[in-house]
Amino acid sequence: MIPDETLFTAVGIDVGKYWCYYSVVAWAEHANGIVIDYGRFEVPSLEIGTERGILLALRKFREEILNEGWLKGDQTVRPDVILIDAGWEPETIYQWAAENMSIGMRTWASKGYGATQEGKSKNNYVEPKQTGATVLAIGTGYHFARLPNGTTLVEVNSDHWKSWQHSRWETPIEKDGALRLCKAPPHEHLTFCRHLVAEKKISEFVPGKGLIVRWVREQKANHWLDATSLACVGGNIAGIRLI
């Protein structure tokens, strides 16, 4: 059930070879959010191959979850924004996003960039200074980029948005800017919460750059952390602001 005060609903999807993970956040004014739904769905890669398996699984997810939507009072609400990670099998993700766009479901492929433990600069997010032929729009910690094939890709500063997400979890629920989970027995959210703390925030001073914040993976299973970060970016794209 979506709270009555909800303004926008955003979905983030983390794609893998055998499983895809999703997180759905209902956003209200001042970035008050609630994870109303999350889960995972299987990819039949072993049976029909990776590309076909991912596309089939995503199409099934669209029909069974996204099209069905969630209840807000007596109305059915569908996502305002969907962001899906395109780091794995990007061409397949681009196709699914284009299919969604063609039926009015605002969906963008995305790719996260962040400071790695090894400090490889190629993985760092570079914030564009202005829009142009390849940079279509600039947000806070993300921008819309036009690829050579014409696809629009949302490039994301993963470190920024993981920090932003964790700040929302750390905010007391009676304060603006708090993110919380839908009601359920505590043990039902245990695995989800383990994903949220699978990475550790590191702050370090780098000469010439100043204080750098990066997130280091400590546990392999971090998929709902990534999916929820994308739902946070999606909320910002839809129009949600903390202040």
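Above this note sits the structure.
Keep in mind it's a predicted model, so treat the numbers as computed, not measured. (Residues numbered from 1 in each chain as written. Predicted model: local features only at pLDDT ≥ 70, side-chain atom pairs only at ≥ 80, totals over all residues. Heavy atoms only, no water.)

A. Spatial organisation of the sheet that holds strand β3 (residues 32-42). Strand order in this open sheet of nine strands is β8-β9-β10-β7-β6-β1-β2-β3-β11, and the pairing throughout is mixed. Strand pairing shows two members of the sheet lacking a second neighbour, β8 (135-138) and β11 (179-181), which therefore form its edges. With direction set aside, neighbouring strand axes in the sheet form an average angle of 30°. Together, β1 (8-15), β6 (81-85), β7 (107-113) and β10 (152-157) form the strand contacts of helix α3 (residues 90-102), whose direction differs from that of β7 by roughly 145°. (Pairing = 2+ DSSP bridges. Helix = DSSP H or I, 4+ residues; strand = E, 2+ residues; numbered from the N terminus. Axes fitted to C-alpha atoms, helices over the stretch in contact; angles between N-to-C directions. Contact = heavy atoms within 4.5 Å.)

B. Up close: the packing of aromatic side chains. Counted by the stated rule, this structure contains 12 aromatic pairs. Relative to Trp224, the ring of Tyr21 lies with its centre 5.1 Å away and its plane at 85°, an arrangement referred to as edge-to-face. Of this pair, Tyr21 sits in strand β2 (residues 19-28) while Trp224 sits in helix α6 (residues 223-238), placing them 203 residues apart in sequence. Residues Tyr21 and Trp224 agree in their burial class; the two are buried. With a centroid separation of 4.6 Å and an interplanar angle of 15°, the aromatic rings of Phe41 and Phe61 are classed as stacked. With Phe41 in strand β3 and Phe61 in helix α2 (residues 50-66), the pair connects residues that are 20 residues apart, well separated along the chain. Owing to a relative accessible area of 3%, Phe61 belongs among the buried residues under this scheme. (Phe/Tyr/Trp six-rings, centres within 6.5 Å; stacked < 30°, edge-to-face > 60°. Buried < 20%, exposed > 50% of the residue type's maximum accessible area, 1.4 Å probe, protein only.)

C. Examining the state of the cysteines more closely. This model, assessed by the stated rule, comprises zero disulfides. There is no disulfide at Cys20, and the cysteine sulfur nearest it, in Cys232, is 19 Å away. Not engaged in a disulfide, the cysteine Cys193 finds its nearest cysteine sulfur in Cys182; these two sulfurs lie 10 Å apart. (Disulfide = S-S within 2.5 Å.)

D. Summary view of the pairing of β3. Across the 11 residues of β3, nine count as buried, placing the element largely inside the fold. Judged from the 10 bridges that link them, β2 and β3 form a sheet pairing that is antiparallel. When the sheet's bridge partners are listed, Val24 is paired in β3 with Asp37. Here β2 folds back onto β3, and the loop between the two strands holds three residues, one of which, His30, carries a positive phi near 60°. Relative to β11, β3 runs parallel, the two being bridged by three bridges. When the sheet's bridge partners are listed, Ile34 is paired in β11 with Arg180.

E. Here's a closer look at α3. Between its terminal C-alpha atoms α3 stretches 18 Å, which fits the 18 Å expected from 13 residues at 1.5 Å a residue. Turning to α3, its buried residues number three or more, namely Thr92, Ile93, Tyr94, Trp96, Ala97, Glu99 and Asn100. Considering only its buried residues, α3 is in contact with β1, α2, β6, β7 and β10. Just downstream of α3, Gly104 is the residue with a positive phi angle, here 85°. (Expected span 1.5 Å × (residues − 1).)

F. The arrangement of the side chain of Ser110 in detail. For Ser110, the position within the fold is in strand β7. Apart from residues no more than four positions distant in its own chain, Ser110 is found in contact with Leu83, Ile84, Asp85, Ala86, Gly87, Leu153, Val154, Val156 and Leu230.

G. Spotlight on the pairing of β1. In terms of burial, β1 is largely enclosed, as seven of its eight residues are buried. Hairpin connection, β1 to β2: the antiparallel pair is bridged by three residues.

H. Geometry of the environment of Ile84. With respect to the element layout, Ile84 can be found in strand β6. For Ile84, a relative accessible area of 0% gives the class buried. Residues Ile84 and Asp14, spaced 70 residues apart in sequence, show a C-alpha to C-alpha distance of 6.3 Å. Ignoring sequence-local partners within four residues, the contact set of Ile84 consists of Ile13, Val15, Leu58, Ile93, Trp96, Thr107, Trp108, Ala109, Ser110 and Leu230.

I. Expanded view of unusual backbone geometry. Positive phi, close to 60°, is recorded for His30, a residue that is not glycine. Structurally, His30 is set in the loop between β2 and β3. Phi is positive for Glu89, which is not a glycine, with a value near 50°. Relative to the helices and strands, Glu89 resides in the loop between β6 and α3.

J. Layout of the pattern of salt bridges. By the definition in use, this model includes six salt bridges. A salt bridge links Arg62 to Glu63; the shortest N-O distance between them is 3.9 Å. Across the pair Glu99 and Arg62 runs a salt bridge, and its minimum N-O distance is 3.2 Å. A residue pair is termed long-range when its members are at least 10 positions apart, and Glu99 in helix α3 and Arg62 in helix α2 qualify at 37 residues. Each of the salt bridges in this network shares a partner with another, and the network as a whole consists of Arg59, Arg62, Glu63 and Glu99. (Salt bridge = Lys/Arg side-chain N within 4 Å of Asp/Glu carboxyl O.)

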